[in-house]
Amino acid sequence: MIKVIQINLNHCWTAQQLLMQTISERGIDVTIISDYYKEIGDDQQWASSADSKCAIYIPTRSAASISDRGSGNGFAWTKVVRILYYSCYITPNCTLQEFDQFLVGLEASIRGQSGPEADLIVAGHFNSHSAEWGSTTADARGALLSDFASALGLDVCNEGLTPTYRRVNAALVIDVTFARPLQGRRHLVHDWSVLADQHTASDHDYIEFTVTQSGTPRPRTSTRSTQSHGWSVKKLSIEKIQEHWNQASLPHFHDNATAKEHAERLTGYLETACNAAMPHRTKFDNKKSVHWWSEEIAALRRSAIAARRRYQRAGRRAGMEGRGDAFEEYNNARKTLRLTIRRAQETSWRELCKSVDDDP
């Protein structure tokens, strides 16, 4: 199974930094990005559209790799194993004729690249409305996009009515995922969902799904966290360790105790003291954090999520009372998160440079 995440970054620096952490946390193999801030990785990991509006990114830790690629205005494609991925973005400000021309170019590329030997996924920010993918309204662009999908035999993967785009007085489904499995196969995309509880720093939410490969599925390594041996020394509480020493009694040893028994009793005594003064380190089977991530940033991300929810609730109320305060709180939470990420990255870079200088 290949794990995929889809997101419109709204050309936001903070959103792109948080995406890198989310990729690590969730064990993502393929990333479909619209309106990115800047390129990520090298040519072996990154493929962008001709107009630099959308891209496909393969994280370093992923076992997936790009075997072929191409692009046009408003779309980029890659071939990963036997699956063609298309990342798409079309601005809401284009005319209906320009939107139709975009679809013509996209269809021509798909017909030129796809064949009986490849599965196909087309995903991105189409700025189109149709009940087929959960919109509460319909428009001419949605009708054109629906006809485009029908002509290519693409199935809509969106499930439910959860919005993919949220602002205080707007909640829309304008990010769409299409798929076309090989003939004779029933399903290609599984577990499609909107991660509405994640803070993206963008107006759009993450979309996550898994893709079944042709043939035998690749076994995935677990990304669940486990308690490792050891403690987080950086979080040592001097007050707690002193309190423990004052209350704890020294271990008692019998005169005829063996060396092994002495060692076990002393180890247990020290472990109890460490447990009282420090939390355990959390170990992950795969890399779970970018180098600059910290508990402080994680807490600020949670605070930003809570502030956004309060702002959205305030916006849905009939009156204006409290809406300004809620917006200010949300804006401050986003600003604090952004500045803290910048400081953390600068500190991490200085520490890396220092470690290189100190290395004999």
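For clarity, every value in this text was computed on a predicted model and none was experimentally measured. (Residues numbered from 1 in each chain as written. Predicted model: local features only at pLDDT ≥ 70, side-chain atom pairs only at ≥ 80, totals over all residues. Heavy atoms only, no water.)

### Thoughts on the sheet that holds strand β13 (residues 189-195)
- Pairing within the open sheet is mixed, and its 6 strands lie in the order β3-β4-β2-β1-β14-β13. The outermost strands of the open sheet, each flanked by one partner alone, are β3 (46-48) and β13. Each neighbouring strand pair of the sheet contributes to a mean axis angle of 15°, computed without reference to strand direction.
- Sheet analysis places strand β1 (residues 2-8) next to strand β14 (residues 206-211), joined by 5 bridges and oriented antiparallel. Counterpart to Lys-3 in the pairing with β14 is Thr-210. (Pairing = 2+ DSSP bridges. Helix = DSSP H or I, 4+ residues; strand = E, 2+ residues; numbered from the N terminus. Axes fitted to C-alpha atoms, helices over the stretch in contact; angles between N-to-C directions.)

### Side note on the confidence of the model for the protein
- This prediction gives the protein a mean pLDDT of 83; 85% of its residues lie at or above 70.
- Confidence scores differ between elements of the protein, with strand β15 (residues 225-231) showing the lowest mean pLDDT of 51 and strand β4 (residues 54-57) the highest of 97.
- Overall, residues 215-229 carries pLDDT values under 50, and its contacts beyond four positions in sequence, including any with other chains, amount to 32 contacts.
- Contacts for the low-pLDDT stretch residues 283-287, under 50 throughout, to residues beyond four places or in other chains number 13 contacts. (pLDDT = per-residue confidence, 0-100. Contact = heavy atoms within 4.5 Å.)

### Structural notes on the pattern of salt bridges
- Following the criterion strictly, the structure yields 6 salt bridges and no others.
- Note that Asp-29 and Arg-61 form a salt bridge whose closest N and O atoms lie 3.9 Å from each other. With Asp-29 in the loop between α1 (13-26) and β2 (30-34) and Arg-61 in the loop between β4 and β5 (66-72), the pair connects residues that are 32 residues apart, well separated along the chain.
- Residue Asp-29 is classed as buried on the basis of its relative accessible area, which comes to 0%.
- Ionic pairing is found between Arg-167 and Asp-203, a salt bridge with its closest N-O pair at 4.0 Å. Here Arg-167, found in strand β10 (residues 165-167), pairs with Asp-203, found in the loop between β13 and β14; they are 36 residues apart in sequence, far enough to count as distant. (Salt bridge = Lys/Arg side-chain N within 4 Å of Asp/Glu carboxyl O. Buried < 20%, exposed > 50% of the residue type's maximum accessible area, 1.4 Å probe, protein only.)

### Things to note about the nonpolar core
- With 35 residues, the main nonpolar core has Leu-19 and Ile-33 as its most contacted residues.
- Those elements that provide at least two residues to this core are β1, α1, β4, α6 (295-316) and α7 (323-358).
- Sequence-distant contacts of Ile-33, that is, excluding residues within four places in its chain, are made with Ile-7, Leu-9, Leu-19, Ile-40, Trp-46, Cys-54, Ala-55, Tyr-57 and Ser-87.
- Among the nonpolar cores identified, the runner-up in size contains 25 residues, and Phe-75, Leu-103, Val-176 and Phe-178 belong to it. (Core = buried A, V, L, I, M, F, W, Y, C linked by side-chain atoms within 4.5 Å.)

### Description of the sheet that holds strand β12 (residues 175-180)
- Taken together, the 6 strands give an open sheet; going across it, the order is β5-β6-β7-β8-β12-β9, and neighbouring strands pair in mixed fashion. With partners counted over all chains shown, the strands left at the sheet margins are β5 and β9 (155-156), one partner each.
- As paired strands, strand β6 (residues 75-80) and strand β7 (residues 83-89) are joined by 6 bridges and run antiparallel to one another. When the sheet's bridge partners are listed, Ala-76 is paired in β7 with Ser-87.
- Taken strand by strand, helix α2 (residues 96-113) contacts β6, β7 and β8 (119-125), and its axis lies near 170° from that of β7.

### Here's the deal with the pairing of β14
- Burial analysis of β14 places 6 of its 6 residues in the buried class, which makes it a mostly covered element.
- Taking every second residue as pointing to the same face, both faces of β14 are buried, with Tyr-206, Glu-208 and Thr-210 on one and Ile-207, Phe-209 and Val-211 on the other.
- Across 5 bridges, the pairing between β13 and β14 is antiparallel. Each bridged residue has a counterpart across the sheet, and for Leu-195 the counterpart in β14 is Tyr-206.

### Section: the packing of aromatic side chains
- Enumeration over the complete set of coordinates arrives at 9 aromatic pairs.
- Summarising the aromatic geometry, the rings of Trp-46 and Tyr-57 are spaced 6.3 Å apart at their centres and angled 55° between planes, so their arrangement reads as tilted. Highlighted residues: Trp-46 in strand β3 and Tyr-57 in strand β4, separated in sequence by 11 residues. Considered together, Trp-46 and Tyr-57 belong to a single accessibility category, that of buried residues.
- Ring centres of Phe-102 and Phe-126 lie 6.5 Å apart, and the angle between their planes is 50°; this geometry places the pair in the tilted category. One end of the pair, Phe-102, is in helix α2; the other, Phe-126, is in the loop between β8 and α3 (140-152), and 24 residues separate them in sequence. As far as burial versus exposure is concerned, Phe-102 and Phe-126 are alike and both buried.
- Three or more aromatic residues joined by ring pairs make a cluster, and in this case those are Phe-99, Phe-102, Phe-126, Trp-133 and Phe-178. (Phe/Tyr/Trp six-rings, centres within 6.5 Å; stacked < 30°, edge-to-face > 60°.)

### Here we look at the environment of Ile-121
- Summarising the element assignment, Ile-121 is placed in strand β8.
- Residue classification places Ile-121 among the buried residues on the basis of a relative accessible area of 0%.
- Setting aside chain neighbours within four positions, we find Ile-121 in contact with Ile-83, Leu-84, Tyr-85, Tyr-86, Thr-177, Phe-178, Ala-179, Leu-188, Val-189, Phe-209 and Val-211.

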